[in-house]
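The residues making up each chain are set out below.
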Amino acid sequence: RVAMERDRAAVAVEAQYKRARIGIQSLTREYYRHNATAVRCVRELLTASGEKSIVDLDFIIARAPLDHIAIRSFGTRDLGIDGLRVMFEELGYVMQEEVMRFETKRVVARWLAPPRAPDGFPPLPRIFLSELDVDACDEELKTIVDAVLGRTAQGEVRKSQEEEVGRVARWQLPSAKQYAQCEKMSEYAAWTLLHGYRVNHVAVSVFQLMKMYPDTLVRDLDAVEACLASNAATARARWNETSGKTIVISPDGLLAQSALMAEPCRIQLYKKSEENKDRYGTKSVEDVYKEYSLPGTYLEFVVRLPKPEHANKAFEDLLEEDLRDGFETANANVIFDSTGRGGAGAGGAARGGEARASEEGRAPASIAKAGYGIHAEDSGSGSGPVDAQVLSDVCKYKHMMLHRFKNLAGDRGHENAPVEAEGQDEDMQQVNDADGVEVIDLT
């Protein structure tokens, strides 16, 4: 009888996990369909790690090792975190007590832990939910947000482009003027008015990548950069450097994150209404739209190290629950800027390891190498100045990794041409190849 109850419980756990996995995959499918750069980068990481199968879109959706998925919202009525959390809790996710506040951005965030994975199944990603604290915003910004959120009545509906750009929202698109005014006051608000509840970004877990491919060379965030820089299809990826560096590390040294800048997407916004008169003198009013290249979604990379009580465990014995959990407000504050346009060094192209390490005066992402036993002797504290010899060793390590990945790419016979994501047309591909996003002209 005890064995039967145990089997019944195991079946229930597996059924819940599978339901949640289907829900997560439906979210990531739409994300990858509209972010060709993310598809290329994940494909490169999997292939460079030793994957022998054909890494198509379905493979990436099913197998890409994700740390978390992020969604933005508005903290008003039922449009915020409390409205979003319900659908994830129905899948077995559990809301955590941690509340992160980003005062300058007027944003609040919380996260949900995934249901337990049955034996033999990979863990599901965490869910990171954030919302704009509308009540804390200036009156001008609140007026714009309220005007857009309220514009759903018949006769006021404008082009929504949900299918074309992957937009998921309960409100209509802002006009070009509203978007530009909003962006000056809050990039977060402007992005969310534009895209709604679509997945803002997914984060690749380096730990889970190593679990999938024990012999992978991608064992820290520097190796991620070297891997992507080694292939022409991904070398043009633009990194978030708003903090002056590409990698941000938590104060406890156990969480490291880096991210690409948002993939530009083409979207039509209402510009103005023109009154026309035909040859018979009949007047008509026509809405004029203009297509803009604006920030879309982006890809993040995460390294989590073991908690102190598990620090001496062998890597093969480590589990996801042994790692540093949750998020770090200071890290997340930088990662948020991946959908922005400004900031010191924002959107810089990938640079050589030696140059960046010398400029930062530290051993980048050294915590990852130390935590997983890779070149532990080269690791510093992860912040502040480091010994010149240590810095030299880290530079040599990064230089070596870049050459190794280039050699791997050559052995695999990689094509140089980027590979498009499913469902992308020529216009979208031009956006994917663009170096930046457009500044809206209000004239």
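**Q** Can you lay out the overall build of the chain for me, pointing to particular residues and giving the numbers?
**A** When you go through the chain residue by residue, the secondary structure sums to 15 helices and 13 strands. Counting across all 443 residues of the chain, residues that qualify as buried make up 51%. The contacts of the chain with a sequence gap of at least 6 include a subset with a gap of at least 24, amounting to 72%. Carbon and sulfur atoms form 49% of the exposed surface of the chain, whose accessible area is close to 19800 Å².

**Q** Please provide a residue-by-residue account of the packing of aromatic side chains, values included.
**A** Evaluated as defined, the whole model comprises 13 aromatic pairs. By way of ring pairs, the aromatic residues Phe102, Trp111, Phe128, Tyr188, Phe327 and Phe336 are connected into one cluster. Over the ring of Phe315 we find Lys211; its NZ or CZ atom is 4.8 Å from the centre of that ring. Its end group placed over the ring of Phe327, Arg304 keeps NZ or CZ at 5.3 Å from the ring centre.

**Q** Run through the pairing of strand S6 (residues 199-205), naming residues and quoting values.
**A** Where burial is concerned, most of S6 is hidden: 7 out of the 7 residues are buried. Looking at chain direction, strand S1 (residues 66-71) and S6 are connected through 5 bridges and run antiparallel. Counted as the bridge partner of His68 is Ala203 from S6. Sheet topology places S6 next to strand S12 (residues 298-304); 5 bridges connect them, and they run parallel.

**Q** Quick one: what's the story with the packing of helix H7 (residues 176-185) against helix H8 (residues 187-195), residue by residue and with numbers?
**A** Close contact between H7 and H8 brings their axes to 6 Å; oriented N to C, the two are set at 145°. Seen from H7, the contacting residues are Tyr179, Cys182, Glu183 and Met185; seen from H8, they are Glu187, Ala189, Ala190, Leu193 and Leu194. Partitioning the contact of H7 with H8 into residue classes produces 7 nonpolar, no polar and 2 charged.

**Q** How would you sum up the nonpolar core? Please name residues and give values.
**A** Counting residues in hydrophobic clusters, the biggest one holds 92 residues, and the most contacted among them are Tyr32, Phe74, Val224, Leu299 and Phe301. The greatest single-element share of this core, amounting to 7 residues, is contributed by helix H2 (residues 36-48). In this structure, Leu299 is in contact with Tyr31, Ala38, Cys41, Val42, Val202, Val204, Ala259 and Leu260, ignoring residues within four places of it in sequence.

**Q** A description of the confidence of the model for the chain should follow, citing residues and the corresponding values.
**A** Put simply, the chain has an average pLDDT of 80, and 72% of its residues get 70 or more. This stretch, residues 343-371, has a pLDDT under 50; its non-local contacts, to residues over four places away or in other chains, come to 87 contacts. With pLDDT under 50 throughout, residues 414-436 is counted as low confidence; its partners more than four residues away or in other chains account for 47 contacts.

Calculation criteria
Residues numbered from 1 in each chain as written. Predicted model: local features only at pLDDT ≥ 70, side-chain atom pairs only at ≥ 80, totals over all residues. Heavy atoms only, no water. Helix = DSSP H or I, 4+ residues; strand = E, 2+ residues; numbered from the N terminus. Buried < 20%, exposed > 50% of the residue type's maximum accessible area, 1.4 Å probe, protein only. Contact = heavy atoms within 4.5 Å. Areas by Shrake-Rupley, 256 points an atom, 1.4 Å probe, with all protein chains shown as cover. Phe/Tyr/Trp six-rings, centres within 6.5 Å; stacked < 30°, edge-to-face > 60°. Lys NZ or Arg CZ within 6 Å of the ring centre and 35° of its normal. Pairing = 2+ DSSP bridges. Axes fitted to C-alpha atoms, helices over the stretch in contact; angles between N-to-C directions. Nonpolar A, V, L, I, M, F, W, Y, C, P; charged D, E, K, R; others polar. Core = buried A, V, L, I, M, F, W, Y, C linked by side-chain atoms within 4.5 Å. pLDDT = per-residue confidence, 0-100.

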